[in-house]
Amino acid sequence: KIPLEQGKKEGDGRLRIGALYRGIGATMFGEAPYAGLKFACYEWMKSSLCNLWKVEESDLTPLTRVSCGALSGLMAVNVVYPFDVVRRRMQMHEGEKGLYRTPFHAILQIVREEGVQRGLYRGLTLNYIKTVPNVALYMSIYDVA
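Everything numeric here is computed off the predicted structure, so don't read it as measured data.

*Asks:* Sorry if this is basic, but what is going on with unusual backbone geometry here?
*Replies:* Glycine aside, residues mostly have negative phi, and peptide bonds are mostly found in the trans state. Here Lys-54, not a glycine, exhibits a phi torsion of approximately 55°, which is positive. Along the chain, Lys-54 falls in the loop between α2 (24-53) and α3 (62-92). Lys-54 sits in the exposed class, given a relative accessible area of 71%.

Next comes the structure, spelled out in structure tokens:
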């Protein structure tokens, strides 16, 4: 009720449901590939190490599994992080009209205006601090359970 009253004072008083879903396209373009890449990289690394060391997968140590998980999370987040940036920007935009037409339009616009590193990968280091330990533990526990 408060947002509607505030809308009456500051705008036309209409409830904008679409604003709740800003950035959903960028989220979908980022999350599905992220999960797939994370699992694919993890399985590929374990398989490669087993072949290299000539051991069975069950013989891999917990440290090896955690390391494979951390690296798989690192690789996956590097690929999909631009969509996370786009999602946040679309969600935080306060204007009535959308900031970008599509997630891909957003990526092109950000690259033109800010560049790849300063635009699409801004905040990636902080994301590493959150993601890498999380995926390392998650993947190694998933594998053992």
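*Asks:* How should I be thinking about the packing of aromatic side chains in this particular structure?
*Replies:* For any pair of aromatic rings, the description rests on two quantities: the centre-to-centre distance and the angle between the ring planes. By the definition in use, this model includes 6 aromatic pairs. An aromatic cluster of three or more residues is present, and its members are Phe-29, Phe-83 and Phe-104.

*Asks:* I would appreciate a short explanation of the side chain of Ser-140 in the present structure.
*Replies:* Inspection of the secondary structure puts Ser-140 in helix α6 (residues 124-144). For Ser-140, a relative accessible area of 9% translates into the label buried. In contact with Ser-140, not counting residues within four places along its chain, are Tyr-42, Arg-65 and Val-66.

Rules behind the numbers
- Residues numbered from 1 in each chain as written.
- Predicted model: local features only at pLDDT ≥ 70, side-chain atom pairs only at ≥ 80, totals over all residues.
- Heavy atoms only, no water.
- Helix = DSSP H or I, 4+ residues; strand = E, 2+ residues; numbered from the N terminus.
- Buried < 20%, exposed > 50% of the residue type's maximum accessible area, 1.4 Å probe, protein only.
- Phe/Tyr/Trp six-rings, centres within 6.5 Å; stacked < 30°, edge-to-face > 60°.
- Contact = heavy atoms within 4.5 Å.

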